[in-house]
Amino acid sequence: MTTALFPYDTLSGSDPPTLTIAALRLDGTARMQLINKEASAVNLYEDTKPWNRAELDLELTSDPAAVREFESKHGPISAVVVANCLPTNMRQPLKLARSDVDPGRWSGIAELDRDNIRGRVPLVTTLTAGVNGVPHRPIALASEWTVYADEPDSLRLKGTLEVKWKNFKETDDLPAKDFPNSTHVVAFRGGKPQLWLNSGFEGLEPLLKDRKDRGSAEKGLHDFQRTGIA
């Protein structure tokens with residue numbers, strides 16, 4: 001969520017506007033597993049098959065009471081999502097459609113052609129309205145999502161290193177080979193550092209796997225182990 005100050009009335013409410021990606025299709029085939037909701041990212045590069053067009057179902061929600069109050073004073077609110085790709089100099093706007101039932105909800109489908117995007121593509125959402133006689137003034141910014149057409153070259157992606165599982169007791173790769181009983185190592189092999197997790201360490205993989213049905217004791221151990229690795 002980006003915070004900005006404006007010298008005029010803006011949209012306020014108990015909850016800031018939130019953009020979500022409800023569905024993803026590559027050439028018409030669903031690829032929900034590429035959506036990382038925790039990181040607000042769409043990792044298109046994780047798909048192993050070549051694709052031509054990505055379709056993202058976007059949903060924008062805002063506090064309906066705040067929307068009604070603002071529009072009673074200033075008029076209708078519009079919502080626009082802009083996909084901005086710096087490597088290709090592509091800037092693609094999409095005006096979201098307003099719900100006929102819920103005044104605080106907008107939706108739309110963003111279509112991204114593979115030929116037009118490379119690397120990192122932020123999705124920036126702006127709500128606009130006429131204020132003090134000036135049309136199309138920004139009145140709120142929604143949470144930002146990022147589409148990754150290619151694997152990032154940077155060392156950090158949303159605060160994490162690239163993670164790979166290896167059986168330290170069976171691999172010849174250093175430094176894992178030298179620490180067969182360790183839960184993890186950080187490998188520096190002349191390129192980007194990688195975090196290697198030991199699949200040969202009994203119980204580690206199911207312990208670290210993300211699940212919502214953990215009991216309090218298991219969740220505490222899960223969080224403790226992840227924190228220790230971090």
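My aim in this report is to walk through the structure given alongside it, one point at a time.

Conventions and cut-offs
Residues numbered from 1 in each chain as written. Predicted model: local features only at pLDDT ≥ 70, side-chain atom pairs only at ≥ 80, totals over all residues. Heavy atoms only, no water. Salt bridge = Lys/Arg side-chain N within 4 Å of Asp/Glu carboxyl O. Helix = DSSP H or I, 4+ residues; strand = E, 2+ residues; numbered from the N terminus. Buried < 20%, exposed > 50% of the residue type's maximum accessible area, 1.4 Å probe, protein only. Pairing = 2+ DSSP bridges. Axes fitted to C-alpha atoms, helices over the stretch in contact; angles between N-to-C directions. Polar contact = N/O pair within 3.5 Å; in protein donor to acceptor, adjacent residues only side chain to side chain. Contact = heavy atoms within 4.5 Å. Arc of directions from axis to C-beta. Patch = residues over 30% accessible without salt bridge, like charges linked within 9 Å, V, L, I, M, F, W, Y side chains within 5 Å. Areas by Shrake-Rupley, 256 points an atom, 1.4 Å probe, with all protein chains shown as cover. Core = buried A, V, L, I, M, F, W, Y, C linked by side-chain atoms within 4.5 Å.

Summed over the entire model, instances satisfying the criterion amount to 12 salt bridges. With a shortest N-O distance of 3.7 Å, glutamate 59 and arginine 105 are connected by a salt bridge. Here glutamate 59 is found in strand S5 (residues 53–61), whereas its partner arginine 105 is found in strand S9 (residues 105–113), with 46 residues between them in sequence. The class for arginine 105 is partly exposed, based on a relative accessible area of 33%. Ionic pairing is found between aspartate 173 and lysine 166, a salt bridge with its closest N-O pair at 2.9 Å. Each of the salt bridges in this network shares a partner with another, and the network as a whole consists of Arg25, Glu55 and Asp57.

On to the sheet that holds strand S2 (residues 29–30). With antiparallel pairing, five strands are arranged side by side in an open sheet as S2-S1-S5-S9-S8. Where the open sheet ends on each side, the last strands, each with one partner, are S2 and strand S8 (97–98). Of the strand pairs in this sheet, S8 and S9 are connected by two bridges, and their pairing is antiparallel. Bridge pairing in S9 places alanine 97 opposite serine 107.

As a further point, take the sheet that holds strand S14 (residues 184–187). Pairing in this open sheet of three strands is mixed, and the strands run S13-S15-S14 from one edge to the other. The two strands at the open ends of the sheet, each matched to only one other strand, are strand S13 (162–166) and S14. Looking at each pair of strands side by side, their axes are set apart by 25 degrees on average, direction ignored. Pairing geometry for S14 and strand S15 (residues 194–198), over four bridges, is antiparallel. Within the sheet, the bridge partner assigned to valine 185 lies in S15 and is tryptophan 196.

The next point concerns the side chain of aspartate 47. In this fold, aspartate 47 is placed in the loop between strand S4 (41–43) and S5. In this structure aspartate 47 comes out as buried when scored by relative accessible area, which is 15%. Looking at aspartate 47, its side chain comes within polar contact range of the side chain of arginine 31, at 2.6 Å. Ignoring sequence-local partners within four residues, the contact set of aspartate 47 consists of Leu26, Arg31 and Leu34.

Listing the buried residues of helix H1 (residues 64–74) in full gives Ala66, Val67 and Phe70. For H1, the buried positions fall inside an angular range of 100 degrees around the axis, keeping them on one side. Buried positions along H1 lie against strand S6 (77–85), S8, S9, strand S10 (120–131) and strand S11 (134–141). Among the residues trailing H1, glycine 75 stands out with phi positive, at a value near 105 degrees.

Let us look at a nonpolar patch on the surface. Side chains of Leu161, Val186 and Phe188 sit close together on the surface and give an oily, nonpolar patch of about 270 Å² of accessible area. Examined against the element boundaries, leucine 161 turns out to sit in the loop between strand S12 (145–148) and S13. On the basis of relative accessible area, leucine 161 is assigned to the partly exposed category, the value being 31%.

Once that is clear, we can look at the nonpolar core. Of all hydrophobic cores here, the largest spans 40 residues; its most connected members are Leu44 and Leu56. Mapped onto this core, the elements with two or more residues apiece are strand S1 (18–26), S5, H1, S6, S9, S10, S11 and S12. With sequence-adjacent residues up to four places away left out, leucine 56 is seen in contact with Ile21, Ala23, Leu24, Val42, Gly108, Ile109, Ala110, Leu112, Leu123 and Val147.

Once that is clear, we can look at the pairing of S6. Inspection of the sheet shows S6 paired to S10 by seven bridges, in the antiparallel sense. By the bridge assignment for S10, isoleucine 77 is matched with alanine 129.

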